[in-house]
Amino acid sequence: MPNWPGAPADPDDPPTMACGAVLDFRSTEQVLQSHADLWLASLTGVDPKMYITADKWANVLIQAHRALAEQPECAGGVSEPLNSFLMMLGIAVESAAMGDLYQAIVPLAYCETVSARLP
């Protein structure tokens with residue numbers, strides 16, 4: 001994806017920050033919205049604007065996980081990156097379902113990195 005703000009897609013262009021460096025100090029809501037805007041909505045077709053309940057993000061993640069699981073590349077086990085992505089999105093769903101949205105953003109960061117490398 002051109003102009004991707006996440007991790008570099010080029011393996012010859014490694015990040016300059018030390019592993020584990022945290023530079024994102026936005027609120028959990030802002031981080032979740034950023035994930036939705038950058039890749040989640042376009043990859044899964046789930047629009048967070050359709051959910052206005054208190055458990056909005058848990059619902060968004062559940063629906064995104066379902067939508068992705070139904071894609072033929074995942075359902076048939078054909079795409080290793082998508083299956084890995086689906087697994088990490090599932091972990092985010094579990095955290096969100098338990099009410100821990102902050103913990104849900106950890107696997108979503110992994111998903112962002114993988115999604116930047118998807119065709």
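Above this note sits the structure.
This is a predicted model, so every value here is computed, not measured.

Chemist: Quick one: what's the story with the nonpolar core, residue by residue and with numbers?
Modeler: Side chains that are nonpolar tend, in soluble globular proteins, to be buried together. Core analysis: the largest hydrophobic core is formed by 26 residues, its most contacted members being L40, L61, F85, L89 and L108. At the level of secondary structure, the elements contributing two or more residues to this core comprise helix 1 (28–44), helix 2 (56–69), helix 4 (80–97) and helix 5 (101–115). When residues of this core are assigned to their parent elements, the largest contribution, 8 residues, is made by helix 4. With near-sequence residues (within four places) excluded, F85 lies in contact with W39, L43, L68, C111, V114 and S115.

Chemist: A description of the side chain of T44 should follow, citing residues and the corresponding values.
Modeler: Its location among the elements puts T44 in helix 1. Exposure remark for T44: the relative accessible area of 10% places this residue in the buried category. Here L40 takes part through its backbone oxygen, which lies 2.7 Å from a polar atom of the side chain of T44. Ignoring sequence-local partners within four residues, the contact set of T44 consists of A64, A67 and L68.

Chemist: Could you give an account of the packing of aromatic side chains, naming the residues involved and the relevant values?
Modeler: Enumeration according to the criterion identifies 1 aromatic pair in this entry. Centre to centre, the rings of W39 and F85 are 5.3 Å apart; their planes meet at 85°, and the pair counts as edge-to-face. Of this pair, W39 sits in helix 1 while F85 sits in helix 4, and the two are 46 residues apart along the sequence. For W39, a relative accessible area of 0% gives the class buried.

Chemist: I'd like a rundown of the environment of H35, residues and numbers included.
Modeler: With respect to the helices and strands, the residue H35 is situated in helix 1. Note: C-alpha distance between H35 and A109 (74 residues apart in sequence) is 8.2 Å. Excluding residues within four positions of it along the chain, H35 makes contact with L40, I105, L108, A109 and E112.

Chemist: Can you lay out the packing of helix 4 against helix 5 for me, pointing to particular residues and giving the numbers?
Modeler: For any two helices packed against each other, the geometry comes down to the angle between their axes and how far apart the axes lie. Viewed as axis vectors pointing N to C, helix 4 and helix 5 meet at an angle of 165°, and their least axial separation amounts to 7 Å. As far as their axial angle goes, helix 5 and helix 4 are roughly antiparallel. Along this stretch, helix 4 crosses helix 5, giving a crossing that reads as left-handed. Between helix 4, through P81, S84, F85, M88, L89, I91, A92, S95 and A96, and helix 5, the contact on the second element is made entirely by L101, Q103, A104, P107, L108, Y110, C111, V114 and S115. Of the residues contributing to the contact of helix 4 with helix 5, the split by class is 14 nonpolar, 4 polar and no charged.

About the criteria used
- Residues numbered from 1 in each chain as written.
- Predicted model: local features only at pLDDT ≥ 70, side-chain atom pairs only at ≥ 80, totals over all residues.
- Heavy atoms only, no water.
- Core = buried A, V, L, I, M, F, W, Y, C linked by side-chain atoms within 4.5 Å.
- Buried < 20%, exposed > 50% of the residue type's maximum accessible area, 1.4 Å probe, protein only.
- Helix = DSSP H or I, 4+ residues; strand = E, 2+ residues; numbered from the N terminus.
- Contact = heavy atoms within 4.5 Å.
- Polar contact = N/O pair within 3.5 Å; in protein donor to acceptor, adjacent residues only side chain to side chain.
- Phe/Tyr/Trp six-rings, centres within 6.5 Å; stacked < 30°, edge-to-face > 60°.
- Axes fitted to C-alpha atoms, helices over the stretch in contact; angles between N-to-C directions.
- Parallel < 35°, antiparallel > 145°, perpendicular 65-115°, else oblique.
- Left-handed = near helix turned anticlockwise from the far one by under 90°.
- Nonpolar A, V, L, I, M, F, W, Y, C, P; charged D, E, K, R; others polar.

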